[in-house]
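Residue-level listing of the chains:
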Amino acid sequence: MDLQSPCSACCISLHRKPSLFPKLNSVNFPLNSLKCRRKTPVAVTGQNGSSSYSPSVPTHKVTVIDRQRDVVHEFLVPEDQYILHTAEDQNITLPFACRHGCCTSCAVRVKSGQLRQPEALGISAELKSKGYALLCVGFPSSDLEVETQDEDEVYWLQFGRYFARGPIERDDYALELALGDE
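By convention here, each chain's residues receive numbers from 1 onward along its written sequence. Owing to the predicted nature of the model, reporting of local features is limited to residues with pLDDT of at least 70; listing and counting of side-chain atom pairs is limited to 80 or more, with chain, interface and lining totals taken over all residues. Calculated side-chain values reflect all of the structure's heavy atoms, with hydrogen atoms and water omitted.

K.L.:
Pulling in residues and values, what's your account of the overall build of the chain?
P.N.:
Numbering goes from the N terminus for both helices and strands, where a helix is a DSSP run of H or I of at least four residues and a strand is a run of E of at least two. When helices and strands are counted, the chain shows 6 helices and 7 strands. Its helices and strands taken in sequence order, the chain reads α-α-β-β-α-β-β-α-β-β-β-α-α from the N to the C terminus. Exposure categories follow from relative accessible area, calculated using a 1.4 Å probe and restricted to protein chains: below 20% of the type maximum is buried, above 50% is exposed, and the middle band is partly exposed. A buried classification covers 34% of the 182 residues belonging to the chain. Only heavy atoms enter the contact rule, under which two residues are in contact if any of them lie within 4.5 Å. Long-range contacts, defined as pairs at least 24 residues apart, comprise 57% of the intrachain contacts of the chain with a sequence gap of at least 6.

K.L.:
Any chance you could break down the side chain of Thr104 for me, citing the residues and the numbers?
P.N.:
Among the structural elements, Thr104 can be located in the loop between α3 (83–89) and β3 (107–112). Here Thr104 falls in the buried class, since its relative accessible area comes to 4%. Beyond its immediate chain neighbours, meaning those up to four positions away, Thr104 contacts Gly122, Ile123, Leu134, Glu151, Val154 and Tyr155.

K.L.:
Give me the lowdown on unusual backbone geometry, citing residues and values where you can.
P.N.:
A positive phi is found at Asn91, a non-glycine position, where the angle reads about 60°. Mapping Asn91 onto the fold places it in the loop between α3 and β3. Among the residues examined, Asn91 registers a relative accessible area of 52% and is labelled exposed. With a phi close to 65°, Arg99 is a non-glycine residue in the positive phi region. Assignment of secondary structure puts Arg99 in the loop between α3 and β3.

K.L.:
Outline the pairing of β3, supporting the account with residue identities and numerical values.
P.N.:
At least two DSSP bridges between two strands are required for those strands to pair. Here β3 pairs with strand β5 (residues 132–134) via 3 bridges, running antiparallel. Bridging from a neighbouring strand, Val108 pairs with Ala133 of β5. Here β3 runs beside strand β7 (residues 144–148); their pairing, made up of 4 bridges, is antiparallel. Looking at β7, one finds that Val110 is bridged to Val146.

K.L.:
So what's going on with the pattern of salt bridges? Residues and values would help.
P.N.:
Think of a salt bridge as a Lys or Arg side-chain nitrogen and an Asp or Glu carboxyl oxygen that are within 4 Å of each other. The full count for this structure, using the stated rule, is 5 salt bridges. Across the salt bridge formed by Glu74 and Lys61, the nearest N and O atoms sit 3.7 Å from each other. Within this pair, whereas Glu74 is found in strand β2 (residues 71–78), its partner Lys61 is found in strand β1 (residues 59–66), the two being separated by 13 residues in sequence. Judged by its relative accessible area of 52%, Glu74 is exposed. On the accessibility criterion, Lys61 (39% relative accessible area) is partly exposed. Between Glu126 and Lys130 there is a salt bridge; the shortest N-O distance is 3.3 Å. Using a relative accessible area of 34% as the deciding quantity, one classes Glu126 as partly exposed.

K.L.:
Now, about the nonpolar core: what can you tell me, with residues and values included?
P.N.:
In this text, buried Ala, Val, Leu, Ile, Met, Phe, Trp, Tyr and Cys residues form a nonpolar core when linked through side-chain atoms within 4.5 Å. Among the nonpolar cores identified, the biggest contains 27 residues, and Val62, Phe75, Ile83, Leu94, Ile123, Leu134 and Leu135 are the most heavily contacted of them. Sorting the residues of this core by element identifies β1, β2, α3, β3, β5 and β7 as the ones contributing at least two each. Residues in contact with Phe75, not counting those within four places in the same chain, are His60, Lys61, Val62, Val64, Ile83, Ala87, Gln90, Ile92 and Leu94.

K.L.:
Tell me what's going on with the state of the cysteines, and back it up with residues and numbers.
P.N.:
We call a pair of cysteine sulfur atoms a disulfide whenever their separation is within 2.5 Å. Scanning the model with the defined rule gives 0 disulfides in all. The thiol of Cys98 is not disulfide-bonded; the next cysteine sulfur, from Cys103, is found 3.7 Å away. Look at Cys98 and you get partly exposed, because its relative accessible area is 23%.

K.L.:
So, the packing of aromatic side chains: which residues are in play, and what are the values?
P.N.:
Between rings of Phe, Tyr and Trp, where Trp is taken as its six-membered ring, a pair exists when centres lie within 6.5 Å; planes separated by under 30 degrees are stacked, by over 60 edge-to-face, and by other angles tilted. What the rule picks out here adds up to 2 aromatic pairs. Their ring planes at 35° and their centres at 4.6 Å tell us that Tyr82 and Phe139 sit as a pair that is tilted. Taken together, the positions of Tyr82 in the loop between β2 and α3 and Phe139 in strand β6 (residues 139–140) put the pair 57 residues apart, joining distant regions of the chain. By the burial criterion, Tyr82 is buried, and Phe139 matches it. Look at Tyr155 and Phe159: their rings are 4.7 Å apart centre to centre, the planes differ by 50°, and that puts the pair in the tilted class. Residue Tyr155 and its partner Phe159 are both found in helix α5 (residues 151–163); the two are separated by 4 residues, about one turn of the helix. Relative accessible area serves as the criterion here: at 44%, Tyr155 is assigned to the partly exposed category. Comment: the charge-over-ring label is applied if NZ (Lys) or CZ (Arg) is within 6 Å of the ring centre and within 35 degrees of the ring normal. Across from the ring centre of Phe96, 4.1 Å away, lies the NZ or CZ of Arg99, which sits over that ring.

What follows is the structure in structure tokens.
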């Protein structure tokens, strides 16, 4: 059996979408025994800011306005790669926690453009329809401009109506009655 190391794009694909390779992850299968199945040449984005990509995969410009850090990031992301992972590969720091689309740490509001997020379990269909998305499981479908959101704010929008009825107001009369019983 002819064994060779996979190209960097195949390693990235394994890293990017572990759910596509559950058997590889559950068994100690050596990655260096995989053959590269890509037919087109792939270049990896360099740390000097130059970006090149497979000509067969469309790439889109993603602009992230990071409100918490007061900075704007612009970078290219291929359609078949997660936005958060591609940003990290280019040494761009964005908020995240779970990396699986289950929380709201990497939540953004889409200002323009479109993205796909089939694995975004952390936000409801209602919030998705209002333009909210998760960077950790988002794939760009066009050039995209997004703005980071406060995690607590997004959590409140999604779950607040189920767990609370708004801010609690002090009721001095009820407090007097309660203290009078002691």
